[in-house]
Every structure is written in structure tokens, then in C-alpha cells.
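If you want the building blocks of each chain, they are given just below.
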Amino acid sequence: MKALKLSIALLTLCSTLLVSEEELDSYISENKKEQFKYDYEKNEAESSKLRDSWIAPLNLNYSYSKSNPYENKQTQQSAAIVMDQPIFKSGGIYYGIQFAEASRIYSNNFTDVTKRKLAKEAVSLLIQIKQMDLKISKQKLQIENSEINLAQKKEDYLNGQLDSGFLDSAIIERNIVIQALYDIETNKERVISKFNAISDMKYDNAFVPELKLITQEEFLENNMVLSMSKSEISKNRYNKNMTVSKYLPQINFVAGYNWKESENQQYVPGSTAISNETDYYNYGIRATLPLDINTFRDVESSKIDYLKSVIVIEDKKREQKAIFEQVMQNIDNFEKKKQLSVENRDIYEKLLEDTKELFGAGYKTQYDVELLQNSVEIQKIDVEIYEMDRQLELLTLYEMYKDD
């Protein structure tokens, strides 16, 4: 409830997505977009195949044989066209067509989720790269401060105002912040490598989308995971109905045309070769009622799949609500940290202003001014870093949010 109140309170920012579906797709490499294109095309092809699966094939048969009993050559040819087409399957034809459409929707939803997950990863990596640039700038300022601190400690030590222990501590502190810079730079290169693996964009000039808050209702209403679960329910419902119809009466229209030609099939020595050619057609109706020992088990299994998918979506809703609330809590924490950095910046700016006046009067050193100036800049960078953390949290929502 607290998270929901927070989301409503912060909705003054905006409640719409500032990037379109096409813009999000632009973060994915052309090669990967081509792969997703083939996935969608396969979904269409598989759906069409399922939709028309009730249409029986027209079988064309032809045979030719030759033999030479009693040193007499005999030949025989035959051809046939056979149709065995279901025209009534106790609703199975209708449910089969609906199942094909439901399967297409489910498969497309699954592909949508997979593609959005990849786009989210690309944007997340890009934000992390930009964030590491800020952290590198911040770390360099901290290195400058550690070097200023070391210089002050050296002067105090040489003037006999400090013992060597304080100087050692200053040296160690400087080494720690420099090593931390190396770690950040290494992590940045690792993230760049991951980004380049899934995107054609150049990270250094790529546009970072600005995501705004959405309400829980919007999040659930346009949730891609829930859409996929709903389409799975529909798919399993039609599959259940199809399974039932499999064991109910079925009527087929059967028809065929047959042709046969033979030579010397009845051979009499000294007689003239005899040829025989015949052709005929047939048509009619065939009714069947399968009696299978596994009928109940098969129907029950498909029914269980359907009932399970109905229950699963309730769990999915609960999971998505929990994700939304957790994101709101995390955003709240980052807002507090950002506000704290703003307050610290104001404090440092006031101290810097006073220190500059004292420096002009000879009561403070240039070191003091530089330390405070760096501290002001560090707090400004922290504000930007926390804002990017906030964007990463919102990205968790937009991974599953699709505004149609």
C-alpha cells in the first residue's frame, strides 16, 4: 500500500513511456532483429499449418509392374485418386481453427517477451556504461582529494606536527581510491563488450531513453507476461475441447477414381496378346466412433493443463504486483539518497564560499578550497548516479510493459 501511495505521489512527473516500441527495438542489433523476424514468420507458418490441419490430403497413387512367366512379358499399370475428408468432427474442426489462432497469439507473445528482454538488457547496459563514466569522474575527484590529503600530511609530518602513522594512512588511502578507479574502468570495458554483443549502436553517442513512472493499474493492464499467460489459457482451453472431440463421432466424405491396365495377364500359348483396361469411381460417407482405453486419461490431461494455466495467471499477477511494489520501494530509497546528496551539496557549497573568503584573508590554504570544490562536484555526480539507478529500476517495469 505504501508503494502504491508513493507511485501516485510521484506521478506528477509523467505516466507515459517516452520511447516508442520501434525506438526500443533500435537498441537491438540488425542481426538479432532479423532472427526475431524469422521467429514471427515461423509463428505465422505454424499457425496456418495448424489451422488447415483438418483438411485431409488428396492421395495420388500410381504403380507399374512387369513380369515374364512362361517367357511371356506381362505388364500391369494402375492409378488412383483417393479423398477421405472429415466434414464433421463434433466441433473438432472449429476448435482446431481456434486453437491455431490462439497458438499464434501465444507464440507471438512469447517472442515479444524475449525481444523486449533483450532490448531491456541493451538499454540497461547502456545506462550502466553512462553511470560508470560518472563514477570514473567521481573517482578521479576522490583521487585528487586523496592526493591533496597526502600533500597536507607530508607537510605536517615534515614540520613535525604528525607522526609517520598518519602519513602511512594517507598513502594507503590514496592507493585504495586509485585501485578502485582501475576496477571501475575494468568493469566498464566488460559492460561495453556485453553491449556490443547485442547492439549495433556506438555506446559513446547512443541516446539513453528517459522512462517515467506508471501506475500499478497501467503496469498490470499492459503487462506482456500476463498477456502471454492469458493467451496460454485460451490455447489450453481450445486444446482441451479439441481433445474431447477426438473421441466423439466423426463423419468423413470419401471418394476416389481408379484406373487399371494390364497386358497378357491370362496367357494361352499360340493366342493373341490380350489387353485389358478398366476405370471406375466411388464415393460415399464414412462414420467413425473411436473407442480408446486412454480416452479418459487424454481428456483429463488436457483439462488439467487448462485448469493449471488458469491458476498460474493468478500467481503471475501476484508476482507482477510484487515486482512493481519492490521497484517503487527501491525508487523511494534512491530518491532519499538523491535528496541527501542535494543537501550535502548545499552544505559543501556554503562551506566552499566561506573557505574562499577565509583563503583570501590568509586563514585557509588552497588545499582547503580544492578539497571542498571537489566535494561539491562529487555530490553533484552522486545526484546523477542515483537518477540513473532510478532509471534502471523503471527499466525493470518497462521490460514487461507494452503500451499498445
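Basis of the calculations
- Here the residue numbering is sequential within each chain, running from 1 through the sequence in written order.
- Reporting in this predicted model follows two pLDDT cut-offs: at least 70 for local features of residues, and 80 or more for side-chain atom pairs to be given and counted; totals over whole chains, interfaces and linings ignore these cut-offs and use all residues.
- Note that the side-chain values use all heavy atoms of the structure and ignore hydrogens as well as water.
- Strands are runs of DSSP state E lasting at least two residues, helices are runs of H or I lasting at least four, and both sets are numbered from the N terminus onward.
- Multiply 1.5 Å by the residue count of a helix minus one, and that product is the helix's expected span.
- Only protein chains enter the accessibility calculation, which uses a 1.4 Å probe; a residue whose area is less than 20% of its type maximum is buried, one above 50% is exposed, and one in between is partly exposed.
- Here the arc refers to the directions that run from the helix axis out to each C-beta atom.
- In what follows, a contact means two residues having at least one pair of non-hydrogen atoms within 4.5 Å.
- What pLDDT expresses is the predictor's confidence in each residue, scored from 0 to 100.
- Basic side-chain nitrogens of Lys or Arg form a salt bridge, by our definition, when they fall within 4 Å of a carboxyl oxygen of Asp or Glu.
- For helices, the fitted line uses only the C-alpha atoms of the stretch in contact; every axis is such a line through C-alpha atoms, and the angle between N-to-C directions lies from 0 to 180 degrees.
- Under this scheme an angle from 65 to 115 degrees is roughly perpendicular, one under 35 degrees roughly parallel, and one over 145 degrees roughly antiparallel; angles in between are oblique.
- We call Asp, Glu, Lys and Arg charged. Ala, Val, Leu, Ile, Met, Phe, Trp, Tyr, Cys and Pro are nonpolar, and the rest, Gly among them, are polar.
- Strand pairing is defined by DSSP finding a minimum of two bridges between the two strands.
- Like charges are joined within 9 Å and nonpolar side chains (Val, Leu, Ile, Met, Phe, Trp, Tyr) within 5 Å, but only among residues with over 30% relative accessible area and no salt bridge; these make up the patches.
- Here the Shrake-Rupley method, with its probe set to 1.4 Å, supplies the accessible areas, and only the displayed protein chains count as covering residues.

*Asks:* Pulling in residues and values, what's your account of helix 3 (residues 30-51)?
*Replies:* With 22 residues, helix 3 should cover 32 Å at 1.5 Å per step; its first-to-last C-alpha distance of 31 Å lies within 8% of that length. Buried within helix 3 are the following residues: F36, N43 and S47. Along helix 3, the residues classed as buried sweep out an arc of 25 degrees about the axis, all on the same side. Facing away from the buried side of helix 3 by over 90 degrees, the exposed positions are E30, N31, K42 and K49. Along its buried surface, helix 3 packs onto helix 4 (92-158).

*Asks:* Explain the confidence of the model for the protein to me, using residue names and the numbers behind them.
*Replies:* With 91% of its residues at a pLDDT of at least 70, the protein reaches an overall mean of 89. Counting contacts from residues 1-18, a segment whose pLDDT is below 50, to residues more than four positions away or on other chains yields 29 contacts.

*Asks:* Could you give an account of the pattern of salt bridges, naming the residues involved and the relevant values?
*Replies:* Inspection of every chain in the model, using the stated rule, returns 24 salt bridges. Among the salt bridges present, the one from D84 reaches R286, with a minimum N-O distance of 2.5 Å. Taken as a pair, D84 in strand 2 (residues 74-88) and R286 in strand 4 (residues 275-288) lie far apart in primary sequence, 202 residues in all. Since its relative accessible area comes to 33%, R286 is described here as partly exposed. Linked by salt bridges that have partners in common, E335, K338, E387 and R390 make up one network.

*Asks:* Outline the packing of helix 7 (residues 224-246) against helix 8 (residues 295-360), listing residues and values.
*Replies:* When two helices pack together, their arrangement is given by the angle between the helix axes and the distance between those axes. Where helix 7 contacts helix 8, the two axes come as close as 8 Å, and the packing angle between them is 170 degrees. Here helix 7 lies roughly antiparallel to helix 8, going by the angle between them. Considered class by class, the residues forming the contact of helix 7 with helix 8 number 8 nonpolar, 7 polar and 10 charged.

*Asks:* For the sheet that holds strand 2, give the residues involved together with the corresponding values.
*Replies:* Ordered in space as 1-2-3-4, the 4 strands form an open sheet in which the pairing is antiparallel. The strands lining the two open edges of the sheet, one partner per strand, are strand 1 (59-67) and strand 4. Mean inter-strand twist for the sheet, computed between neighbouring axes without regard to direction, equals 10 degrees. In this sheet, strand 2 lies alongside strand 1 in antiparallel orientation, the contact comprising 9 bridges.

*Asks:* How would you explain helix 4 if you had to name every residue and give the values?
*Replies:* The end-to-end C-alpha distance of helix 4, which contains 67 residues, comes to 95 Å, matching closely the 99 Å that a straight helix rising 1.5 Å per residue would cover. The first or second residue beyond helix 4 is G160, which carries a positive phi of 80 degrees.

*Asks:* Help me get a handle on a nonpolar patch on the surface, residues and values and all.
*Replies:* On the surface, L58, L60, I81, M83, I87, F88, F253, Y257, Y281, Y283 and I285 cluster together to form a nonpolar patch covering roughly 1,200 Å² of accessible area. At the level of elements, strand 2, strand 3 (250-263) and strand 4 are the ones that each hand at least two residues to the nonpolar patch. Among the elements that line the nonpolar patch, the one with the most residues is strand 2, at 4 residues. Mapped onto the secondary structure, I87 falls in strand 2.

*Asks:* Please provide a residue-by-residue account of the packing of helix 3 against helix 4, values included.
*Replies:* Here helix 3 crosses helix 4 at 170 degrees, and the two axes come no closer than 8 Å. Looking at the two axes, helix 3 sits roughly antiparallel to helix 4. The class makeup of the residues in the contact of helix 3 with helix 4 is 7 nonpolar, 8 polar and 8 charged.

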